[in-house]
Each structure stands twice: as C-alpha cells, then as structure tokens.
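Letter by letter, the chains look like this.
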Amino acid sequence: MTSSLIHSRPILLSTALASLLLGPGAPSRALDASAAPSTKKYAATWESLDARPIPTWFTDAKFGIFIHWGVYSVPAWSPKGSYAEWYWNSLQDANGPTRKFHDRAFGKEFPYESFAPLFRAELFDPGRWADLFANSGARYVVLTSKHHEGFALWPSADASRDWGRPWNSVETGPKRDLLGDLSQAVRAKGLKMGFYYSLYEWFNPLYKSNFARFRDDHYFPQFKDVVTRYKPSIIFADGEWEHTSAEWRSPELLAWLYNDSGAGDDLVINDRWGSETRGKHGGYYTTEYGGMTGFQAGPGHPWEESRGMGASYGYNRNEDIEDYRSTADLLRLLVGTVGLGGNLLLDIGPTADGRIPVIMQERLLGMGEWLKANGDSVYGASAGPYGARPLPWGAMTAKPGRVFVHLFRRPGNTLELPGFASRVTKAYWLADPAKKPVAVKAAPKGETGLVIPLPERLPDAAVSTLVLAIEGEPKVDLTIRQRANGAVDLDAAAADLHGSKLKLEQQAGGTHIGYWLDPAETVSWTFTVSRPGAFEVGAVYAAEPNAGGAFTMTLGDQAFTAAATPTGSWDAFQEKRVGRIRIPKAGTYTLTLKPQPHPDWRGMNLRAVHLLPAR
C-alpha cells in the first residue's frame with residue numbers, strides 16, 4: 001500500500017525512485033574526450049579533485065552488478081526489510097530480532113568471528129559468475145573487498161594484524177584470493193571490474209581506541225595495497241559517515257589515487273569520502289534504495305542507484321519469493337534510472353559456499369534477454385527529454401536523432417506526449433527486426449505534442465520500447481496550456497513542490513503527490529489560458545478515514561477553502577468539485593494549494609487539479 005505516511009521501499013521505480021528524483025542535480029562535469037592517458041596532476045583539494053573528468057565508459061555503461069559477499073553470508077539472516085550484511089552490528093542489540101535468531105540458531109556463546117572458518121566458498125567458480133554477468137547485459141562489476149565487518153576478500157596483512165586473528169579470505173575460510181580470482185574472470189569477459197571498500201570497521205580495536213592511528217596505520221596502507229594489486233576501474237567507498245573528509249584525509253588519499261596509484265584514467269570513484277561529501281564531492285553521486293543521498297538525483301551530474309533484488313544487499317535466507325523484484329520490475333528500474341540520467345548497480349548476494357542463488361540468476365538472465373533486443377535504448381543513452389518529470393506510463397531515454405519511449409503499461413488506446421515539439425521522421429518498435437512504421441499524429445488543434453495509437457497488446461509484457469527518429473535534438477515544451485476543450489489539467493507530475501517532505505510517487509494508476517504531512521508545505525502550477533472565463537475546480541485526491549482537514553486554493557486575488565474529506569484509503573482516488581474561480585483574461589497564471597493549519601490535517605495524496613469551463 002502506498003501511503004503519505006508509510007513509504008513502501010520495495011515499490012520501485014514507482015515509489016522510491018520517482019519520489020526522490022524530482023529535479024536536476026549539480027551541473028554536469030566534462031566527460032573525457034580522449035583515450036590517451038592524462039598527464040594532469042591533481043592537488044589534494046576538492047576543487048582540484050572534482051575537476052577530474054568522469055570516464056565515458058562509465059556514463060555509457062548504465063548497468064553494473066554489485067556483489068555483497070563476506071562472513072555475514074554464513075548466517076545470511078536479518079528481519080525482512082533490513083540488511084543482512086549488518087548482522088554483526090545488529091547482534092549488539094541484546095533484545096533485538098537478530099540476537100534472538102542468533103542465540104536460537106547458533107547458541108549464545110557463539111561469537112561472530114567463528115563464522116569466518118565457515119565462509120568456505122567451496123563452490124565458487126569465478127568463470128561461471130563472469131559468464132552470468134556478461135549474459136545479464138551488465139557492463140561492470142563491483143565486489144565488496146571489505147565491508148564494515150573488516151573481513152578482507154584478498155590477502156590483506158593489515159586486516160589480520162590489526163584484528164589480531166586471521167581476518168582475510170586467504171588465511172581463513174575460502175583460503176583463496178576471492179577479489180583477485182573474480183577480477184581476472186570478469187575482465188576476461190570484457191567487463192570493467194572494481195570493488196567496494198568500507199572506510200570504517202565497526203569493531204576493529206584500533207578504530208575503537210584510536211581513530212587517527214586506524215586511519216594512518218590501517219586504512220591508508222590497506223587501501224593503497226588493494227588499489228595497487230588490482231588496478232580497479234571503479235571504487236565504491238562507504239562507511240564514511242562518522243568523520244568528515246578532512247578527518248579521513250580523503251583529499252590527500254584521492255590525490256595519490258589519481259596521480260600515483262597507476263590506476264589510470266579508466267578509474268571512476270563515488271562520492272562517499274566523508275560525512276559531508278555525498279552528492280557534493282568525489283566522482284559520480286550515489287543513491288541507495290532511492291535514498292541516503294545528499295542531492296536530488298536526476299539529469300545533470302553522473303549518478304548511480306544501487307539496491308538489491310530484495311530488501312537486502314547480502315544474501316538473506318529470511319526473504320521469500322514475494323520479497324524479490326520481478327524481472328519486469330528490475331527492467332523498469334533500469335530504464336527509469338537511465339531515463340533520469342543515472343546508472344543502475346544491481347546487487348546480488350551469493351551464499352557462503354559460493355553460489356549465486358538461482359532466483360538471482362533467473363532475474364539477471366531475463367534482463368539480459370531484454371537487453372539483447374532493447375539495449376540500444378540503454379547503453380550510451382542520455383536522460384529523456386522530459387527530464388525528471390515523472391511519466392505515469394513509463395520512462396524515456398535519448399540518443400542523437402532518436403528518442404526511446406519505454407512503456408511499462410498500456411496507458412490506453414493512445415500514448416500522448418504533451419509538448420513534444422521535435423519533428424518525427426519515423427517511429428517503430430525497437431524489438432521489431434523489420435522496423436515496421438508506427439503511426440504518429442499531432443495533438444488536437446490548439447494543443448502541442450504527439451498522439452501515438454497503440455496496439456491492443458504491447459510487444460513486451462515488461463517494457464516495450466518505441467523508437468522516435470527525430471530531426472535534431474529532442475525538444476519539449478513543458479508549458480501547461482489550456483486544452484482544446486477549454487479545460488486546464490494540472491497534473492501532479494507537473495506541479496512545483498514547495499517543501500522538504502513532499503514527494504512524487506507513482507502507482508499503476510498514475511502519479512500523485514504524497515508525504516503531505518506538513519501543512520506549511522504547498523504545491524503550485526503555472527499555466528497559460530487562451531480562453532478565459534469561469535471554471536469549476538475539481539481535485540483528484542485520496543485520504544484515509546483518519547486523514548483530512550482543509551486546504552485553500554489561491555489564484556491571484558481569488559481564494560477559496562475546501563474540505564479534504566476522507567476517501568476510504570490512501571489509494572482510493574476520487575475527483576471532487578471543491579470550488580469555482582474566474583480567469584478574467586488570457587495570460588499566464590499560478591494556482592497554489594496550501595493546507596489550512598489545523599490539528600486535523602494528516603495529509604492526502606493529490607493526483608491532479610482540473611479547471612473545467614463552467615456551464
């Protein structure tokens with residue numbers, strides 16, 4: 001259930017992604033224009049480091065595989081909706097569900113470190129893993145070299161020394177270099193290889209007792225060791241949030257990484273290098289299950305969404321089939337992310353014995369099959385012409401001379417693209433080898449955009465991709481104009497949101513504004529009227545029985561207040577006539593909707609406001 005009060009994270013692209021990606025990010029940086037190695041030297045300042053170009057391979061790749069694998073893969077358990085890789089940390093809650101499970105399954109006296117010898121990876125076949133990743137259509141792979149538990153998947157002497165016990169995969173457990181073996185296999189398939197690296201370690205004695213010594217004598221040498229050994233193409237840093245980048249000495253370390261590590265211009269890093277750096281410094285910006293970011297994800301600066309197929313990154317034996325996203329949902333997440341200018345880093349959690357769960361294999365292979373026919377709309381594509389404006393029927397991506405329309409569902413007998421102003425020279429379904437033309441019609445007289453008749457059944461049940469060949473760059477006029485029938489449709493997707501809590505959400509029936517919990521937050525629309533007059537005002541909204549209150553609509557010097565009466569549930573949308581306004585002359589106007597301050601205001605989900613010519 002989607003609610004203004006309860007955000008259901010597993011509903012993506014619809015809820016988590018679309019609700020957060022509301023506007024442009026920071027200005028995009030220059031991409032590399034040459035394959036020649038750079039001779040530029042970077043200073044240990046964010047101003048200098050942030051000027052380093054993002055390699056084009058990363059912005060073109062769009063789809064990568066994340067792998068969370070470590071000692072936590074032995075218990076492989078967490079409450080539903082949480083991260084299994086945080087098992088050791090969760091054990092610290094003496095009355096929590098993880099501690100209760102652990103005591104029942106392994107015994108109260110069984111310490112976490114005793115899981116390490118049981119992490120054997122005896123069935124790990126890096127070649128088969130690499131085959132799967134290549135067949136999934138992914139272009140890069142990121143393995144956890146070391147998570148917050150501090151256990152290293154390569155022969156890290158620093159790990160074992162500072163933990164005071166064998167604490168890497170060569171000295172205990174698998175007795176092999178997991179990171180090195182997988183790196184070799186992945187690169188043999190032509191994929192880019194990198195690693196995740198946690199800056200901090202929960203219970204490392206040195207970290208707990210002396211942060212400066214941990215940083216200088218453990219973190220710095222260990223990081224330099226793993227980089228110089230494996231020459232990664234990607235570094236996904238994490239675990240940065242307890243200290244600033246200055247305290248971590250991140251600019252100094254990154255200057256070494258760029259200038260002296262030998263990793264080369266191929267390398268790209270993320271933005272997690274200090275408590276203040278997410279969405280501000282580093283390389284590409286990151287979101288995690290649609291959140292945990294310091295920026296508004298969307299067209300602009302390169303960014304990447306990461307998440308698991310379920311609610312956990314590490315393998316969670318407690319998750320069932322209904323907790324996993326379907327292949328269709330994952331494909332919609334992928335194209336929706338690309339349509340907003342991002343990459344998708346989709347996580348898998350292998351088992352402790354080295355197997356990729358069959359359900360995860362099935363999902364990846366299904367994505368690969370779709371990408372074989374439709375990958376041209378993903379790889380190397382840019383954000384769609386509507387930017388971060390949610391599209392209730394799907395998503396759009398673009399390349400020079402082409403726009404790709406990704407339909408997640410059939411919106412009706414026709415697809416309307418309001419404001420689409422580019423001349424279309426041909427339209428066809430991408431998966432159709434014959435490229436049979438699809439009819440494209442102009443919008444009704446007095447309106448701008450396109451109308452495309454749709455077949456009774458779309459070509460693909462998951463995502464159907466329609467190609468619009470166009471002249472020049474995509475052009476879209478997002479001005480809200482009065483329709484040919486005199487009505488003005490003010491949809492949620494076109495609203496300006498004024499407040500920090502309000503978000504756009506999507507359901508199968510369309511886009512709505514949710515999380516309207518603060519009566520100080522408002523929404524508005526600016527629109528153009530060519531035929532003035534009197535208008536009846538209708539609001540399409542949903543509210544639970546205990547919600548409601550009242551809201552005021554204002555247009556110029558006119559205002560009226562209406563009750564937000566309950567409709568039965570958060571997804572029971574109803575259109576109700578709420579008032580009447582008069583627009584005296586043709587021109588541009590702004591209508592604002594603001595809740596009345598009152599203890600009874602408990603939010604509503606708003607889908608649209610309609611101005612209908614009064615009879």
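Residue indices follow the written sequence of each chain, beginning from 1 at its first position. With pLDDT at 70 or above as the cut-off, local features in this predicted model cover only qualifying residues; side-chain atom pairs require 80 or more to be listed or tallied, and sums for whole chains, interfaces and linings still use all residues. Neither water nor hydrogens contribute to the side-chain values; these are computed over all heavy atoms in the structure.

**Student:** Is there a simple way to explain the overall build of the chain in this structure?
**Tutor:** Each helix is a run of DSSP H or I of at least 4 residues and each strand a run of E of at least 2, with the numbering of both proceeding from the N terminus. In terms of regular secondary structure, the chain is built from 14 helices and 28 strands. Computation of the radius of gyration draws on C-alpha atoms alone. For the globule rule, the value is 2.2 Å times the number of residues to the power 0.38. At 26 Å, the chain has a C-alpha radius of gyration in line with the 25 Å of a compact globule built from 615 residues. Dimensions of the chain, computed from C-alpha atoms along their principal axes, come out at roughly 80 × 55 × 45 Å. Categorising residues by exposure relies on relative accessible area from a 1.4 Å probe, with only protein chains included: less than 20% of the type maximum marks a residue as buried, more than 50% marks it as exposed, and the intermediate range marks it as partly exposed. The buried share among the 615 residues of the chain stands at 57%. To measure how exposed things are, a 1.4 Å probe is used in the Shrake-Rupley method; for residues, cover is taken only from the protein chains shown. Accessible area for the chain stands at about 23,700 Å²; split by element, carbon and sulfur atoms hold 52% of it. Charged residues are defined here as Lys and Arg on the positive side and Asp and Glu on the negative side; His and the ends of the chain fall outside this count. Taken as the charge centre is NZ of Lys, CZ of Arg, CG of Asp or CD of Glu, depending on the residue. Where the 66 positive side-chain charges of the chain centre and where its 65 negative ones centre are 5 Å apart.

**Student:** What is the right way to read the sheet that holds strand 14 (residues 441–442) from this model?
**Tutor:** One key point about sheets: their strands pair by backbone hydrogen bonds, in either a parallel or an antiparallel sense. In short, DSSP must find at least two bridges between two strands for them to pair. Read across the sheet, three strands follow the order 12-15-14 without closing on themselves; strand pairing throughout is antiparallel. Edge positions in the sheet fall to strand 12 (414–418) and strand 14, since each of these pairs with one other strand and no more. Where strand 12 and strand 15 (residues 449–453) come together, five bridges link them in antiparallel fashion. Within the sheet, the bridge partner assigned to Leu415 lies in strand 15 and is Ile452.

**Student:** Sorry if this is basic, but what is going on with the pattern of salt bridges here?
**Tutor:** Pairs can form between side chains of opposite charge whenever their charged atoms are close. Basic side-chain nitrogens of Lys or Arg form a salt bridge, by our definition, when they fall within 4 Å of a carboxyl oxygen of Asp or Glu. Summed over the entire model, instances satisfying the criterion amount to 31 salt bridges. In this structure, Asp181 and Arg176 form a salt bridge, with 3.0 Å as the shortest nitrogen-oxygen distance. Residue class for Arg176 comes out partly exposed when judged on its relative accessible area of 25%. When the shortest N-O distance is used, the salt bridge between Arg272 and Asp238 registers 3.1 Å. In this pair, Arg272 sits in the loop between strand 5 (268–269) and strand 6 (285–288) while Asp238 sits in strand 4 (residues 234–238), placing the two residues 34 residues apart along the sequence. The pair Arg272 / Asp238 is uniform in exposure class, with both members buried.

**Student:** I would appreciate a short explanation of helix 12 (residues 250–259) in the present structure.
**Tutor:** Residues that lie three or four places apart on an α-helix share one face, since the helix turns once every 3.6 residues. Most of helix 12 sits inside the fold, with nine of its ten residues counted as buried. Three or more residues of helix 12 are buried, namely Ser250, Pro251, Leu253, Leu254, Ala255, Trp256, Leu257, Tyr258 and Asn259. For this analysis, residues touch if any pair of their heavy atoms sits within 4.5 Å. In this structure, the buried side of helix 12 is in contact with helix 2 (46–49), helix 10 (211–230), strand 4, helix 11 (245–248) and strand 5.

**Student:** Which parts of the structure should I look at to understand helix 8 (residues 178–188)?
**Tutor:** Regarding helix 8, the residues found buried are Leu178, Leu179, Gly180, Leu182, Ser183, Ala185 and Val186. Two or three places before Leu179, at the opening of helix 8, Asp177 has a side-chain oxygen 3.4 Å from that residue's backbone nitrogen. Looking at the residues trailing helix 8, positive phi occurs at Gly190, about 85°. Polar contact is defined as a pair of N or O atoms within 3.5 Å, subject to the rule that within protein one atom must be able to donate a hydrogen and the other to accept it, and that residues adjacent in sequence are counted only when both atoms are side-chain atoms.

**Student:** Would you take a moment to explain the packing of helix 6 (residues 126–136) against helix 8 for this structure?
**Tutor:** The description of two packed helices rests on the angle between their axes and on the distance between the axes. To obtain an axis, a line is fitted to C-alpha atoms, over the contacting stretch when the element is a helix, and the angle between two such axes runs from 0 to 180 degrees between their N-to-C directions. Interaxial distance between helix 6 and helix 8 falls to 8 Å at its minimum, and their mutual angle equals 45°. Comparing their axes, helix 8 and helix 6 come out oblique. Judged by the twist between their axes, the crossing of helix 6 over helix 8 is right-handed. Where helix 6 approaches helix 8, its residues Pro126, Gly127, Trp129, Ala130 and Phe133 are matched on the opposing element by Asp181, Leu182, Ala185 and Val186. Roughly parallel means an angle under 35 degrees; roughly antiparallel, over 145; roughly perpendicular, 65 to 115; everything else is oblique. Handedness of a crossing follows from how the near helix is turned relative to the far one, being left-handed for an anticlockwise turn of less than a right angle and right-handed for a clockwise one.

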